[in-house]
Amino acid sequence: MIQHLETDGVPTLLAPTGGPMRAGLTFRVGTADETLARHGITHLVEHLVLAPLGTADYHFNGATGPTFTTFHMQGSAQDIATFLTSVCANLTDVPTGRLEVEKDILRTEWSSRGSAAIDDIPLWRHGARDHGLSSYPEWGLGRLTAEELRQWAARWFTRENAVLWIAGDRVPEGLRLNLPAGTRQPVPAASSALPTTPAYFVHGSRAVVLDAVVRRRTAANVFAEVMERELFRALRQDAGLSYTIGSGYEPRGDGQAHLRALADALAEKQDAVLGGFIDVLAKLRVGRIEQSDLDAAVAKRMDMYATAEADATRLPAYAFNLLTGEPNHTIDEHLAQLKAVTVADLHEVAQEAYASALLMVPDGTSADWAGFTAAPTSSEATVSGTTYHARDDDSRLLVGTEGVSHLSAGGTLTVTYADCAALLAWPDGARQLIGHDAIVLHIEPTLFDTHPAAMHVIDSGVPIDRQITMPPRDPESIPQPRALRAAREHLARPKRAGWEILLMVLSGLATLVVGGFTLLLTIGMLISPTAEEDVAVLWGAVVIGWLLTVILALPIVLLTRGRRR
């Protein structure tokens with residue numbers, strides 16, 4: 001059984017374990033509580049809190065997710081007491097001596113992490129705010145100050161907004177959770193960037209991914225396993241189209257949960273995998289669900305509750321529920337709920353999942369044929385303002401007092417200042433506006449006939465707390481108009497040496513003389529009768545003349561080709 005205790009005013013969960021003691025201090029704060037312009041602040045606090053603890057023989061770490069931040073470790077009771085006591089002390093007075101160093105470490109962490117197929121799902125569903133921020137780089141790191149970090153910690157890392165969980169037989173002696181007083185923070189409401197669902201978007205990954213939002217309940221958890229079994233059977237066992245098939249069920253903390261499934265594909269099999277994937281969704285949606293799949297999924301989950309470590313294993317999830325106010329159940333209650341799930345319940349979940357579905361499809365494919373609507377990649381509205389024309393094409397910018405629009409053959413992009421999640425500003429004058437709906441409008445002054453006044457209007461329109469100063473760019477990476485690029489390429493070509501010019505002139509003159517004489521001789525042979533005894537000699541002279549012309553022209557050809565390379 002999981003015991004409910006209290007340590008220094010912090011709710012505490014205790015469950016027995018047969019292995020080494022482990023513990024975690026979880027707070028109801030994550031990336032979904034940030035703004036895009038300050039994205040990374042929670043992660044930075046986590047790093048600064050752990051940095052002074054250095055290295056140790058025991059394992060400890062921190063983790064920042066969309067709605068929770070956890071500091072956890074495994075070791076002896078004394079190690080845990082020392083660790084968590086130090087964490088709380090550092091949260092109360094955030095050590096900022098390594099502020100710039102930890103910012104660089106976080107930037108390195110982002111740049112070196114692998115790209116997963118599902119990374120862009122949040123921004124397509126939620127946009128550039130709350131639950132969508134996990135898809136974006138931590139652009140806010142640059143201008144975060146020590147005072148802002150302390151204020152953030154004082155607001156979110158409080159004893160009322162925390163839960164301590166321990167897998168062990170007791171609360172370690174000497175543990176002190178000296179945290180400031182505060183309030184329990186609700187999970188932020190989830191925004192939506194999708195006008196309608198089911199929807200789809202095209203992505204460069206060679207995979208098909210489903211994301212759906214469903215009510216959090218046992219039947220939805222079981223459905224994730226049933227869907228994976230059906231996809232595995234259809235796409236791998238029967239058709240041999242996919243290798244990796246997976247599914248997931250992730251509660252969001254607001255009574256809803258994300259239901260996800262993935263199937264990979266070879267480049268030449270992408271259409272077939274997409275078709276097979278959608279066929280499985282359609283099959284489940286109309287209720288063609290095998291009782292044997294339900295029984296297998298229920299049995300798999302019941303086995304998870306049959307181990308001696310069951311209560312200890314579910315401590316983090318139990319803390320999650322406690323922080324969000326969602327119900328916690330005993331193992332017996334979980335088992336009873338699993339046994340009560342029916343095929344009709346799964347059919348209901350399948351319909352719910354389809355209604356909220358967001359499908360990621362590979363490049364070159366589409367899901368329109370299956371009733372999915374393309375997620376918006378352009379804007380319907382435009383702003384009024386001054387027009388600035390592009391230097392290389394027919395596109396144009398409209399810069400006004402309410403926002404900016406970019407009109408081109410590919411569609412319209414509009415970001416209003418009121419709905420601008422962040423403005424990225426480069427020292428060379430480039431600007432990028434990102435709307436709450438995830439629309440991105442990039443402005444390169446070199447490519448438009450803009451002037452400083454236009455950029456001033458944009459900078460003045462976006463609130464200063466949403467502006468992010470970007471590091472200088474390599475001048476070679478700044479886009480240039482075609483005419484300027486051509487001029488630069490011409491100027492960048494190396495000058496010819498004097499001997500090359502002399503050789504090309506002499507070669508050209510010799511080619512002109514010999515070629516001209518040979519041409520006249522050839523024409524004369526064709527239009528004037530020639531004595532039979534002279535024909536062979538004259539045609540021989542023509543052949544030799546043309547061969548000599550080619551040889552004399554070779555220096556020009558070789559030197560010209562070498563320069564182009």
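First, a word on scope: everything that follows refers to the structure included in this document. (Residues numbered from 1 in each chain as written. Predicted model: local features only at pLDDT ≥ 70, side-chain atom pairs only at ≥ 80, totals over all residues. Heavy atoms only, no water.)

## Looking at the overall build of the chain
A count of helices and strands for the chain gives 16 helices and 20 strands. In terms of its C-alpha atoms, the chain occupies a principal-axis envelope of roughly 120 × 60 × 55 Å. In the chain, once contacts between residues fewer than 6 apart in sequence are set aside, the share between residues at least 24 apart is 73%. Surface accessibility of the chain: about 27,400 Å² in total, with carbon and sulfur atoms responsible for 57%. Seen as two clouds, the 48 positive and the 65 negative side-chain charges of the chain have centres 3 Å apart. (Helix = DSSP H or I, 4+ residues; strand = E, 2+ residues; numbered from the N terminus. Contact = heavy atoms within 4.5 Å. Areas by Shrake-Rupley, 256 points an atom, 1.4 Å probe, with all protein chains shown as cover. Lys, Arg positive; Asp, Glu negative; His and termini not counted. Charge placed at Lys NZ, Arg CZ, Asp CG, Glu CD.)

## A word on the environment of Asn178
Locating Asn178 in the fold gives a position in the loop between strand 6 (162–167) and strand 7 (199–203). A C-alpha to C-alpha distance of 46 Å links Asn178 and Leu346, two positions 168 residues apart in sequence. If near-sequence neighbours (up to four positions away) are discounted, Asn178 is found in contact with Asp8, Cys88 and Thr92.

## Comments concerning the pairing of strand 5 (residues 69–74)
Where strand 3 (residues 22–27) lies against strand 5, six bridges are found, and the strand directions are antiparallel. From the neighbouring strand, Ala23 faces strand 5, where its bridge partner is Met73. Bridge count between strand 4 (residues 59–64) and strand 5: six bridges; the pairing is antiparallel. Along strand 5, the bridge assignment pairs His59 with Gln74. Between strand 4 and strand 5, which follow one another and run antiparallel, lie four residues. (Pairing = 2+ DSSP bridges.)

## Topic: helix 6 (residues 218–238)
The terminal C-alpha atoms of helix 6 lie 29 Å apart, and with 21 residues this matches the ideal 30 Å at 1.5 Å per residue to within 8%. Maximum bend of helix 6: about 30 degrees, positioned at Phe232. Ala219, Ala220, Val222, Phe223, Ala224, Glu225, Val226, Met227, Glu230, Leu231 and Leu235 are the residues of helix 6 that are buried. Phi for Gly240, located one or two positions after helix 6, is positive at around 60 degrees. (Expected span 1.5 Å × (residues − 1). Bend = angle between axes of the 7 residues up to and from the residue. Buried < 20%, exposed > 50% of the residue type's maximum accessible area, 1.4 Å probe, protein only.)

## What about the sheet that holds strand 19 (residues 440–443)?
Reading across from one edge, 19-18-17-20 is the order of the four strands in this open sheet, with mixed pairing throughout. Pairing within the sheet leaves two strands with one partner each, and these edge strands are strand 19 and strand 20 (467–469). Put simply, the sheet's adjacent strands are angled 15 degrees from each other on average, direction ignored. Across three bridges, the pairing between strand 17 (residues 420–425) and strand 20 is parallel. (Axes fitted to C-alpha atoms, helices over the stretch in contact; angles between N-to-C directions.)

## A few points about the sheet that holds strand 2 (residues 10–15)
Taken together, the six strands give an open sheet; going across it, the order is 1-2-6-3-5-4, and neighbouring strands pair in mixed fashion. Of all the strands in the sheet, the pair left with one neighbour each is strand 1 (3–7) and strand 4. Adjacent strand axes in the sheet meet at a mean angle of 20 degrees, parallel and antiparallel pairs treated alike. The strands touched by helix 1 (residues 41–50) within the sheet are strand 4 and strand 5, with strand 4 carrying the most contacts at an inclination of about 165 degrees.

## Points about the side chain of Arg28
Looking at the secondary structure, you find Arg28 in the loop between strand 3 and helix 1. The class for Arg28 is buried, based on a relative accessible area of 0%. A polar contact is formed between the side chain of Arg28 and the side chain of Asp33, at a distance of 2.8 Å. A polar atom in the side chain of Arg28 sits 2.7 Å from the backbone oxygen of Pro186. Not counting residues up to four positions away in its chain, the partners in contact with Arg28 are Asp33, Thr67, Phe68, Trp156, Asn161, Gln185, Pro186, Val187, Pro188 and Leu323. (Polar contact = N/O pair within 3.5 Å; in protein donor to acceptor, adjacent residues only side chain to side chain.)

## Points about the environment of Gly132
Relative to the helices and strands, Gly132 resides in the loop between helix 4 (121–126) and helix 5 (146–156). Using a relative accessible area of 0% as the deciding quantity, one classes Gly132 as buried. For the pair Gly132 and Trp110, spaced 22 residues apart in sequence, the C-alpha separation works out to 16 Å.

## Description of the pattern of salt bridges
Scanning the model with the defined rule gives 26 salt bridges in all. In this structure, the salt-bridge partner of Arg233 is Asp293, at a minimum N-O distance of 2.6 Å. Residue Arg233 is located in helix 6, and its partner Asp293 is located in helix 8 (residues 291–304); the two are separated by 60 residues in the primary sequence. According to the relative accessible area criterion, Arg233 is partly exposed, its value standing at 24%. For Asp293, a relative accessible area of 2% translates into the label buried. The salt bridge involving Arg473 is made with Glu444; its shortest N-O contact spans 2.8 Å. Taken together, the positions of Arg473 in the loop between strand 20 and helix 14 (482–492) and Glu444 in the loop between strand 19 and helix 13 (452–461) put the pair 29 residues apart, joining distant regions of the chain. Here the salt bridges do not stand alone but share partners, grouping Arg229, Glu230, Arg233, Lys283 and Asp293 into one network. (Salt bridge = Lys/Arg side-chain N within 4 Å of Asp/Glu carboxyl O.)

## Details of the nonpolar core
Counting 46 residues, the largest nonpolar core has Val222, Met227, Leu259, Phe277 and Leu359 as its most contacted members. The dominant element in this core, judged by the number of residues it contributes, is helix 6, at nine residues. Not counting residues within four places of it along the chain, the set of residues in contact with Phe277 comprises Val208, Leu210, Leu231, Leu235, Ala261, Leu262, Ala263 and Leu359. Grouped together as the second largest cluster of nonpolar side chains are 40 residues, Cys88, Leu144, Ala153 and Trp156 included. (Core = buried A, V, L, I, M, F, W, Y, C linked by side-chain atoms within 4.5 Å.)

## Digging into unusual backbone geometry
Here Thr197 and Pro198 are connected by a cis peptide whose omega angle stands at 5 degrees. Along the chain, the position of Pro198 falls in the loop between strand 6 and strand 7. The phi dihedral of Asp8 is positive, around 50 degrees, even though this residue is not glycine. With respect to the element layout, Asp8 can be found in the loop between strand 1 and strand 2. Of note, the phi angle at Ala438 is positive, near 75 degrees, even though the residue is not glycine. Here Ala438 shows up in the loop between strand 18 (431–435) and strand 19.

## Comments concerning the packing of aromatic side chains
Given two aromatic rings, one states the distance between the centres and the angle between the planes to describe the pair. What the rule picks out here adds up to nine aromatic pairs. Both rings, one in Phe60 and one in Phe83, keep their centres 5.2 Å apart while their planes meet at 40 degrees; by these two values the pair is tilted. With Phe60 in strand 4 and Phe83 in helix 2 (residues 77–92), this pair connects stretches of sequence that are 23 residues apart. In this pair, the class of Phe60 matches that of Phe83, namely buried. Summarising the aromatic geometry, the rings of Tyr136 and Trp139 are spaced 6.1 Å apart at their centres and angled 55 degrees between planes, so their arrangement reads as tilted. With relative accessibility at 6%, the residue Tyr136 sits in the buried group. Between Arg285 and the ring centre of Tyr354, over which it is positioned, the NZ or CZ distance is 3.8 Å. If you follow Arg473 out to its NZ or CZ, it ends over the ring of Trp426, 5.5 Å from the centre. (Phe/Tyr/Trp six-rings, centres within 6.5 Å; stacked < 30°, edge-to-face > 60°. Lys NZ or Arg CZ within 6 Å of the ring centre and 35° of its normal.)

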